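Now for the letters of each chain:
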Amino acid sequence: MQFAEATVGSFRIYVGALEAEGGFTAALVVRRNEPGADTRPDLFRDDGLACGYRWPTADAALQYAMNRGRDLVRRQVGEGQTA
């Protein structure tokens, strides 16, 4: 299992690549990164992105998950949330 994380505005993105038969699956958690955020539910959480699609490498799975997380943050900002 490999992990990566990034801060985008007031959001924190956590991604993971999990070894599975036939490749790697991608996992994603997006949380608000502000005081009191630990008591709020995650903005988004999925441990089987793309319906459990298998990427050939862990890096490819991590890249997909990070791009998906950044896209979710952009959508939240577009809906009036603070970035």
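See the structure above.
Residues numbered from 1 in each chain as written. Predicted model: local features only at pLDDT ≥ 70, side-chain atom pairs only at ≥ 80, totals over all residues. Heavy atoms only, no water.

Engineer: For this particular structure, what's the right way to read the overall build of the protein chain?
Structural biologist: Regarding its fold elements, the protein chain presents two helices and four strands. When the helices and strands of the protein chain are read in sequence order from the N terminus, they spell out β-β-β-β-α-α. Looking at the protein chain as a whole, 36% of its 83 residues are labelled buried. Approximately 5,100 Å² of the protein chain is accessible, and the part contributed by carbon and sulfur atoms is 47%. (Helix = DSSP H or I, 4+ residues; strand = E, 2+ residues; numbered from the N terminus. Buried < 20%, exposed > 50% of the residue type's maximum accessible area, 1.4 Å probe, protein only. Areas by Shrake-Rupley, 256 points an atom, 1.4 Å probe, with all protein chains shown as cover.)

Engineer: What exactly am I supposed to notice about the nonpolar core here?
Structural biologist: Soluble, globular proteins show a tendency: their nonpolar side chains are buried together. Counting residues in each nonpolar core, the largest one holds 19 residues, and the members touching the most others are Ile13, Val15, Leu28 and Val30. Taken together, the elements giving at least two residues each to this core come down to β2 (11-20), β3 (23-32) and α2 (58-78). Top element by residues in this core is α2. It accounts for seven residues. Contact partners of valine 15, with chain neighbours within four places excluded, come to Gln2, Phe3, Ala4, Ala27, Leu28, Leu62, Ala65 and Met66. (Core = buried A, V, L, I, M, F, W, Y, C linked by side-chain atoms within 4.5 Å. Contact = heavy atoms within 4.5 Å.)

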